[in-house]
Amino acid sequence: QVQLVESGGGLVQAGRSLTLSCAASRRTASSSAMGWFRQAPGKDREFVASSTWSGITFFADSVKGRFSIIRDSGKNSMHLQMNSLKPEDSGIYYCAAGLDSRRLRDEVSVAWGQGTQVSVSS
């Protein structure tokens, strides 16, 4: 199974930007789509964004227009660029990899990163 290593995260003020990175150990069918989920304290984990290596992207309504994904195929990595951050964006962000966008979003046969904390202060 593909291994995912996350980096980035931290504490920022509302309105600022932050970038999360996710590196896959290798490109396989099981990492055809990569993306991020987040979980706030006391809440369920929710889908944030995903991208295939061909550039098909999906974003949760709550982050559309503020978040984007940058693909680096040479390093088997994707980066989640988060702009105009809000306190409600706070939580643990998990990188994920899956067979395709739909199964990734449905958390079917997904590989997970270790998670990284994002905290946005008001």
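Please refer to the structure placed before this passage.
Residues numbered from 1 in each chain as written. Predicted model: local features only at pLDDT ≥ 70, side-chain atom pairs only at ≥ 80, totals over all residues. Heavy atoms only, no water.

Visitor: Looking at this structure, I do not really get unusual backbone geometry. What am I missing?
Guide: Leaving glycine aside, a negative phi is the common case for residues, and trans is the common case for peptide bonds. If you check the backbone angles, serine 84 has positive phi at about 50 degrees while not being a glycine. Here serine 84 falls in the partly exposed class, since its relative accessible area comes to 39%. One non-glycine residue, serine 109, lies in positive phi territory at about 55 degrees. Examined against the element boundaries, serine 109 turns out to sit in the loop between helix H1 (101-105) and strand E10 (111-112). (Buried < 20%, exposed > 50% of the residue type's maximum accessible area, 1.4 Å probe, protein only. Helix = DSSP H or I, 4+ residues; strand = E, 2+ residues; numbered from the N terminus.)

Visitor: Mind showing me how you'd approach the packing of aromatic side chains here?
Guide: Ring pairs (aromatic) are described by centroid distance and by the angle formed between their planes. On inspection of all chains with the given rule, the structure shows three aromatic pairs. Aromatic side chains phenylalanine 37 and phenylalanine 47 sit 5.6 Å apart centroid to centroid with 80 degrees between the ring planes, which places their arrangement in the edge-to-face category. With phenylalanine 37 in strand E4 (residues 33-39) and phenylalanine 47 in strand E5 (residues 46-52), this pair connects stretches of sequence that are ten residues apart. Judged by its relative accessible area of 10%, phenylalanine 47 falls in the buried class. (Phe/Tyr/Trp six-rings, centres within 6.5 Å; stacked < 30°, edge-to-face > 60°.)

Visitor: What exactly am I supposed to notice about the pattern of salt bridges here?
Guide: Pairing between side chains of opposite charge can happen when the charged atoms of each approach one another. Under the criterion given, the structure shown has six salt bridges. Here aspartate 61 and lysine 64 are joined by a salt bridge, their closest N and O atoms 3.1 Å apart. Both residues of the pair, aspartate 61 and lysine 64, belong to the exposed class. The shortest N-O distance in the salt bridge between aspartate 89 and arginine 66 comes to 2.8 Å. Of the two residues, aspartate 89 is situated in the loop between strand E8 (77-82) and strand E9 (91-98) and arginine 66 in the loop between strand E6 (57-59) and strand E7 (67-72); the sequence distance between them amounts to 23 residues. (Salt bridge = Lys/Arg side-chain N within 4 Å of Asp/Glu carboxyl O.)

Visitor: I tried to follow the sheet that holds E7 on my own but got confused; where do I start?
Guide: Remark on secondary structure: sheet strands pair via backbone hydrogen bonds, oriented parallel or antiparallel. With antiparallel pairing, four strands are arranged side by side in an open sheet as E1-E3-E8-E7. Two strands in the sheet have a free side with no partner beyond their single neighbour: strand E1 (4-8) and E7. If you compare each strand with its neighbour and ignore which way they point, the axes differ by 20 degrees on average. Here six bridges tie E7 to E8, and the two strands are oriented antiparallel to one another. (Pairing = 2+ DSSP bridges. Axes fitted to C-alpha atoms, helices over the stretch in contact; angles between N-to-C directions.)

Visitor: Got a minute to help me understand the environment of glycine 65 in this structure?
Guide: As for its position among the elements, glycine 65 is in the loop between E6 and E7. Separated by 19 residues in the primary sequence, glycine 65 and serine 84 have C-alpha atoms spaced 9.4 Å apart.

Take it as geometry only, folks, not as evidence of what the structure does.
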